[in-house]
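# Topology and contacts: notes
So you can see what is in the structure, the chains are spelled out below.
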Amino acid sequence: MRDLRRRSANTLAIHELAKAGLEVFTPMTQMIMTIRGRRQRREVPVIQDLLFVHEAKDALDVIVEKCSSLQYRYQLGKPTNEPMTVRKDDMERFIFAVRHTQTPLYYTPSELTKSMLGKRIRIVGGVLDAYEGHLLSLKGLRKRRVIIGLSGIITVAVEIEPEFIQPIS
């Protein structure tokens, strides 16, 4: 879904949807903002208008009609009356990876280049056991990070310990 409110708004749609009892997720990051002349650290969405809501379309239609700043997100090449969906397993893996790392790095599909994709690996042991992905290959990067993504929407690089890395040939 899309939330058309600004990052600096007092209440974001994610908070309202959570109060309504819906399972909602958006990748968040901390940002220092000046509000009423004072600098404050706030948690804001990484991509301003991106929301993931786990609910049937019929139930969401009622909420979208009430809240003018909420819209469905559509994908190019698909029918216009069919909102974008993500497979449940992929979404759960993504949320789990994000919540179990302290410093996730987020990338949009256009920001991630082929030169940033390192060796294909599998994680053996630890919190992210059995996850597969590519190592993030950036010059000067000292920590090992594996890239986990939602196809065509957003990608996250999460930190892993070197002893859990198993190369895939």
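Starting afresh in each chain, residues are numbered from 1 along the sequence in its written order. For this predicted model, a pLDDT threshold of at least 70 governs which residues receive local features, and a threshold of 80 or more governs which side-chain atom pairs are given and counted, while totals over whole chains, interfaces and linings are taken from all residues. The basis for the side-chain values is all heavy atoms of the structure; hydrogens and waters are excluded.

## Describing the pattern of salt bridges
What counts, and what does not: A carboxyl oxygen of Asp or Glu within 4 Å of a side-chain nitrogen of Lys or Arg is what we treat as a salt bridge. Labels follow the DSSP assignment, with helices taken as runs of H or I lasting at least four residues and strands as runs of E lasting at least two, numbered in each case from the N terminus. Here the term buried applies to any residue with accessible area under 20% of the maximum for its type, exposed to any over 50%, and partly exposed to those in between, with areas from a 1.4 Å probe on protein chains only.
Here the structure, examined in full by the defined rule, presents 10 salt bridges. Salt-bridge contacts for Asp49 lead to Arg2; the nearest nitrogen and oxygen are separated by 3.0 Å. Linking Asp49 in the loop between strand 4 (38–45) and strand 5 (52–54) with Arg2 in strand 1 (residues 2–3), this pair joins segments that are 47 residues apart in sequence. With a relative accessible area of 17%, Asp49 lands in the buried category. Judged by its relative accessible area of 28%, Arg2 falls in the partly exposed class. The salt bridge involving Glu159 is made with Arg145; its shortest N-O contact spans 3.9 Å.

## Points about the packing of aromatic side chains
Selection rule: In summary, the pairing rule links any two rings of Phe, Tyr or Trp, Trp by its six-membered ring, whose centres are within 6.5 Å, and it sorts them by plane angle into stacked for under 30 degrees, edge-to-face for over 60 and tilted for everything else. Charge-over-ring contacts are defined here by two conditions on Lys NZ or Arg CZ: a distance within 6 Å of the ring centre and an angle within 35 degrees of the ring normal.
Following the criterion strictly, the structure yields one aromatic pair and no others. Judged by centre distance (6.3 Å) and plane angle (80°), the rings of Phe25 and Phe94 are edge-to-face. Taken together, the residues Phe25 in strand 2 (residues 23–25) and Phe94 in helix 3 (residues 88–99) connect sequence positions 69 residues apart. The residues Phe25 and Phe94 share a single accessibility class, namely buried. Here the basic side chain of Arg93 rests over the ring of Tyr131, its NZ or CZ set 4.0 Å away from the ring centre.

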